[in-house]
Every structure is written in C-alpha cells, then in structure tokens.
Amino acid sequence: MHPLLSALVGYLFIIGCYGIVTSRNLVHLTLCLSVAQSSTYVLLLGVGFREGDAVPVVQPGEPVEPLADPLVQALALTDIVVGATVSALLLALAVQVHKTRGTVDPNELVAQHG
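Reference entry: report on the structure contained in this document. (Residues numbered from 1 in each chain as written. Predicted model: local features only at pLDDT ≥ 70, side-chain atom pairs only at ≥ 80, totals over all residues. Heavy atoms only, no water.)

1. So, the overall build of the protein chain
Now for step 1: Summing up its helical and strand segments, the protein chain has four helices and zero strands in all.
Now for step 2: Taken over C-alpha atoms, the radius of gyration comes to 20 Å for the protein chain, far larger than the 13 Å a tight globule of 114 residues would show.
Now for step 3: Taking the principal axes of the C-alpha coordinates as reference, the protein chain spans close to 70 × 30 × 15 Å.
Now for step 4: For the protein chain, the proportion of its 114 residues judged to be buried stands at 23%.
Now for step 5: A total of about 7,900 Å² of accessible surface is found on the protein chain, and carbon and sulfur atoms cover 71% of it. (Helix = DSSP H or I, 4+ residues; strand = E, 2+ residues; numbered from the N terminus. Rg over C-alpha atoms; globule rule 2.2 N^0.38 Å. Buried < 20%, exposed > 50% of the residue type's maximum accessible area, 1.4 Å probe, protein only. Areas by Shrake-Rupley, 256 points an atom, 1.4 Å probe, with all protein chains shown as cover.)

Take a look at the structure:
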C-alpha cells in the first residue's frame, strides 16, 4: 500500500477517534464515528489496489491476466452498508433521547440519570 494512503487512513482514524472522545453532542459523536469508519473504506480499497490489474470479468476462453480482487471490493461495499445502518440507528436513538430527556449532551444525560 502506498505510504500516502497509509497516512490518510491513520489521519482519518485519529481525527474520528479524537472527535468521539471530545464530543459534547450525540449527533456530533455519530458523525465522528462515521469519519473513523471511513478510514476502513480507504484501507480496504488501498489493500485491494494493484497497478495494472484488469477488471475481474472474464469470458470463457479468454486468457486470464492479472485481475483485481473482487473480494476486497465486496468487503468495502459491505462496510459502507453497515456504516450507514449504524449511523442511522445512532441518529434515531439521538432523536429519541432528545424527545425524552430534552438534551443530546452525554454529560447532562449522566447528571439527569444519577
């Protein structure tokens, strides 16, 4: 994997984790989790990329040349779907918390509960 791509993966992950740790809002927390998870998309696509590979569609009787691995692409697509589902669930929970408690600040929720 290219060193610049590795740096991008690390940067996205660290920025997302920093936002998660310092978040004072459940919606902001969900967005920071999405940024951290986007680093996994870049990682998967970076691992699966090789210069000069052809599209993995082969007709019978054609010579097989180096092909791109379709498994990595399928894993990246699955990761995107899971990330969107988790984000939607967390945002729905944030809306419900705001309706019942009147706030989306995690510190205020702990103070109200205790």
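2. Details of the side chain of Asp79
Now for step 1: As for its position among the elements, Asp79 is in helix 3 (residues 70–101).
Now for step 2: Overall, Asp79 belongs to the buried group, its relative accessible area being 16%.
Now for step 3: With near-sequence residues (within four places) excluded, Asp79 lies in contact with Gln37, Thr40, Tyr41 and Leu44. (Contact = heavy atoms within 4.5 Å.)

3. Describing the environment of Phe49
Now for step 1: You can see Phe49 is positioned in the loop between helix 2 (26–48) and helix 3.
Now for step 2: The exposed category is assigned to Phe49, whose relative accessible area is 56%.
Now for step 3: Distance in space between the C-alpha atoms of Phe49 and Ala68 is 7.0 Å, their sequence separation being 19 residues.

4. Details of the packing of helix 1 (residues 3–22) against helix 2
Now for step 1: Packing of helix 1 against helix 2 brings their axes to within 8 Å, and their N-to-C directions diverge by 165°. Comparing their axes, helix 2 and helix 1 come out roughly antiparallel. Crossing angle aside, the handedness with which helix 1 passes helix 2 is left-handed. Only His28, Leu29, Cys32, Leu33, Val35, Ala36, Ser38, Ser39, Val42, Leu43 and Gly46 of helix 2 make contact with helix 1, whose side of the interface consists of Leu5, Leu8, Val9, Leu12, Phe13, Gly16, Cys17, Gly19 and Ile20.
Now for step 2: In terms of residue class, the contact of helix 1 with helix 2 is built from 14 nonpolar, six polar and no charged. (Axes fitted to C-alpha atoms, helices over the stretch in contact; angles between N-to-C directions. Parallel < 35°, antiparallel > 145°, perpendicular 65-115°, else oblique. Left-handed = near helix turned anticlockwise from the far one by under 90°. Nonpolar A, V, L, I, M, F, W, Y, C, P; charged D, E, K, R; others polar.)

5. Some points on the packing of helix 2 against helix 3
In a pair of packed helices, the angle between the axes and the distance between the axes together describe the arrangement.
Now for step 1: It is the contact of helix 2 with helix 3, at a shortest axis distance of 10 Å, that shows an interaxial angle of 180°. Here helix 2 lies roughly antiparallel to helix 3, going by the angle between them.

6. Considerations on a nonpolar patch on the surface
Now for step 1: A cluster of nonpolar side chains, namely Leu8, Tyr11, Ile15 and Val35, defines an oily patch on the protein surface of about 350 Å² accessible area.
Now for step 2: By residue number, the principal contributor to the nonpolar patch is helix 1, which donates three residues.
Now for step 3: Here Tyr11 is to be found in helix 1. (Patch = residues over 30% accessible without salt bridge, like charges linked within 9 Å, V, L, I, M, F, W, Y side chains within 5 Å. Salt bridge = Lys/Arg side-chain N within 4 Å of Asp/Glu carboxyl O.)

7. Focus: helix 1
Now for step 1: Look at helix 1: 28 Å from first C-alpha to last across 20 residues, which is about the 28 Å you get at 1.5 Å a residue.
Now for step 2: Along helix 1, the residues that are buried comprise Val9, Gly16 and Gly19. Angularly, the buried residues of helix 1 cover 105° about the axis, an arc narrow enough to put them on a single face. Facing away from the buried side of helix 1, by more than 90 degrees, are the exposed residues Pro3, Leu4, Tyr11, Ile14, Tyr18 and Val21.
Now for step 3: Looking at the buried side of helix 1, the elements it contacts are helix 2. (Expected span 1.5 Å × (residues − 1). Arc of directions from axis to C-beta.)

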